[in-house]
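Chain by chain, the residues run as shown.
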Amino acid sequence: MDTSKFTVLAEREKKTIYVEGDKRIKVFDSDFSKKDVLNEAYNQACVEETGLPIPKVLEVCKINGKWAIVTEYIEGTTLTDLMNEHPENMDDYMNEFVDLQLKVLSKKCPGLRKIKDKMQAKISQTDLDYATRYELHTRLDAMPKHFYLCHGDFNPSNVIVTPNGAKYIIDWSHATQGNRSADAARTYLLFALTGFRLSGDKDLADKYLDLFVTKSELPKANIQRWIPIVAASQSVKGNPEEKDLLLKWANVVDYE
C-alpha cells in the first residue's frame, strides 16, 4: 500500500487515519507498541461478536514498516460535529448518545481485560503520594465486580452518524469488561475536561450525568464514587493540563 494515494481522515498523536474506498486505515508511528496495536484489533474483533454497530476489522498489516489496522470505513459525521453545528438539537443528541452508551453497557464480552485490573495497574503508575494511591487501590478493590462491556472512551467524537441516521461506534482500544458506573464516570470526565468543543463544559458534563442516571436507573452516588478512581487511572496518559485537573479529582476522597 502507498499511503500517499490515500485521503487523510484525521491525524492524532502517534497515528494517522486514512480512507481508501470503503476502508479506514489507521497507521501507527514506527515507535508505537506492537502489543498495543494487536490489542486494539483484538478488542474490536471481540466487540464485533456482540452485534453492536461497529466497523469490522478487515486486516492487521504493516505499511512502509509501520503497523496498521484496516477496518470498514463508515461514511458520516461525528456526533460532536453535529452537536456543534446544530446546538438547538442538543437535547435530542444527548438522549441518543446516552441510549447508545446504555446499549453498549448491556452487552457482555468475556474475552476483554477486566477494568479493575487495568485501573489498579494505572493507579500504581500515577504521581500521587503513597497514601492517596493506597486509598484508591483499596476503594477500587471494594467496588462491585461486574462484567459488562465498557468502551473506555465513550464520547461524541467516537460516534459516527451516517447520512441515513444510523450510528456506529468507533475506537475500541480502551475496551474492557467491568462496572457500568466506571464507564459513565469516564464519559463524565471527558465532557468536563474538554467539552468536545461544545459550550458549557462542566454544565454539559452534569447534564450528561443526570441524563445517564435517569435512563440507567443507577444511583448517581455509584458513578460519583468512581470519579476519583477513573481520574487517577486516566492521569497517567493525560496531557499536562488535563493531568493536573485529573489529579485534583483523584485527590478528592469523597466526590461531591
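Note that residues are indexed from 1 along each chain, following the sequence as it is written. The predicted nature of this model means local features are confined to residues of pLDDT at least 70 and side-chain atom pairs, given and counted, to a pLDDT of 80 or more, with totals for whole chains, interfaces and linings taken over all residues. Only heavy atoms go into the side-chain values, all of them from the structure, while hydrogens and water stay out.

Examining the nonpolar core
- Each nonpolar core is a collection of buried residues, namely Ala, Val, Leu, Ile, Met, Phe, Trp, Tyr and Cys, held together in the definition by side-chain atoms within 4.5 Å. Relative accessibility under 20% of the residue-type maximum defines a buried residue, over 50% an exposed one, and the middle range a partly exposed one, all with a 1.4 Å probe and only protein chains included. Residues Trp172, Tyr208 and Trp226 are the most contacted members of the largest nonpolar core, which totals 59 residues.
- We call two residues in contact when some of their heavy atoms are within 4.5 Å. Not counting chain neighbours up to four residues away, the residues in contact with Trp172 comprise Asn43, Gln44, Val47, Leu52, Ile54, Val104, Leu149 and His151.
- Core analysis: the next-biggest nonpolar cluster, separate from the first, contains eight residues, Tyr18, Ile25, Val27 and Cys61 among them.

Examining unusual backbone geometry
- Positive phi values are uncommon outside glycine, yet Asn64 reaches one of about 50 degrees.
- Judged by its relative accessible area of 60%, Asn64 falls in the exposed class.
- Unusually for a residue other than glycine, Asp171 sits at a positive phi of about 60 degrees.
- To qualify as a helix, a DSSP run of H or I must reach at least 4 residues; to qualify as a strand, a run of E must reach at least 2; elements of each kind are numbered from the N terminus. Within the element layout of this structure, Asp171 appears in the loop between strand 9 (167-169) and strand 10 (176-178).

Some remarks on helix 6 (residues 180-194)
- Helices are assigned an expected span. That span is 1.5 Å times one less than the residue count. With 15 residues, helix 6 ought to run about 21 Å at 1.5 Å a step, and its terminal C-alpha atoms sit 22 Å apart, in line with that.
- Of all 15 residues in helix 6, 13 are buried; the element is thus mostly enclosed.

Here we look at the sheet that holds strand 9
- Should DSSP find at least two bridges between two strands, the strands are taken to pair. Ordered in space as 6-8-9, the three strands form an open sheet in which the pairing is antiparallel. Looking at which strands have only one partner, the edges of the open sheet turn out to be strand 6 (77-78) and strand 9.
- Taken together, the two bridges between strand 6 and strand 8 (residues 159-161) define a ladder with antiparallel strand orientation. In the sheet register, Thr78 faces strand 8, and the bridge partner there is Ile160.
- To get an axis, fit a line to the C-alpha atoms, keeping to the stretch in contact for a helix; angles then go from 0 to 180 degrees between the N-to-C directions. Strands strand 8 and strand 9 of the sheet are contacted by helix 3 (residues 90-105), whose axis makes an angle of about 50 degrees with strand 9.

Some points on the environment of Lys243
- Structurally, Lys243 can be placed in helix 9 (residues 240-250).
- Here Lys243 falls in the partly exposed class, since its relative accessible area comes to 25%.

Thoughts on the side chain of Gln177
- Tracing the backbone through its elements, the reader meets Gln177 in strand 10.
- Whenever a nitrogen or oxygen atom comes within 3.5 Å of another N or O atom, the pair is scored as a polar contact, on the condition that within protein one atom can donate a hydrogen and the other can accept it, and that pairs from neighbouring residues in sequence are kept only if both atoms are in side chains. Looking at Gln177, its side chain comes within polar contact range of the main-chain oxygen of Leu112, at 2.7 Å.
- The contact partners of Gln177, leaving out residues within four places of it in the chain, are Cys109, Pro110, Leu112, Arg113, Lys114, Ile115, His146, Phe147 and Tyr148.

Regarding the sheet that holds strand 5 (residues 66-72)
- Strand order in the open sheet formed by five strands is 1-2-3-5-4, and the pairing between neighbours is antiparallel. The open sheet terminates on both sides in strands that have one partner only, identified here as strand 1 (7-12) and strand 4 (57-63). Between one strand axis and the next, the sheet turns through 20 degrees on average, direction left out of account.
- With five bridges connecting them, strand 3 (residues 23-28) and strand 5 associate as antiparallel partners. By the bridge assignment for strand 5, Lys26 is matched with Ile69.

Description of the pairing of strand 3
- Of all six residues that make up strand 3, five are buried, and the element is covered over most of its length.
- Hairpin remark: strand 2 (residues 15-20) followed by strand 3, antiparallel, with two residues in the connecting loop; positive phi at Gly21, about 65 degrees.

A word on the side chain of Lys26
- With respect to the helices and strands, the residue Lys26 is situated in strand 3.
- Overall, Lys26 belongs to the buried group, its relative accessible area being 5%.
- Among the polar contacts made by the side chain of Lys26, one reaches the side chain of Glu40 at a distance of 2.6 Å.
- In this structure the side chain of Lys26 is engaged in a polar contact, spanning 3.4 Å, whose partner is the side chain of Asp171.
- Setting aside anything within four residues of it in sequence, one finds Lys26 in contact with Lys15, Thr16, Ile17, Glu40, Trp67, Ala68, Ile69 and Asp171.

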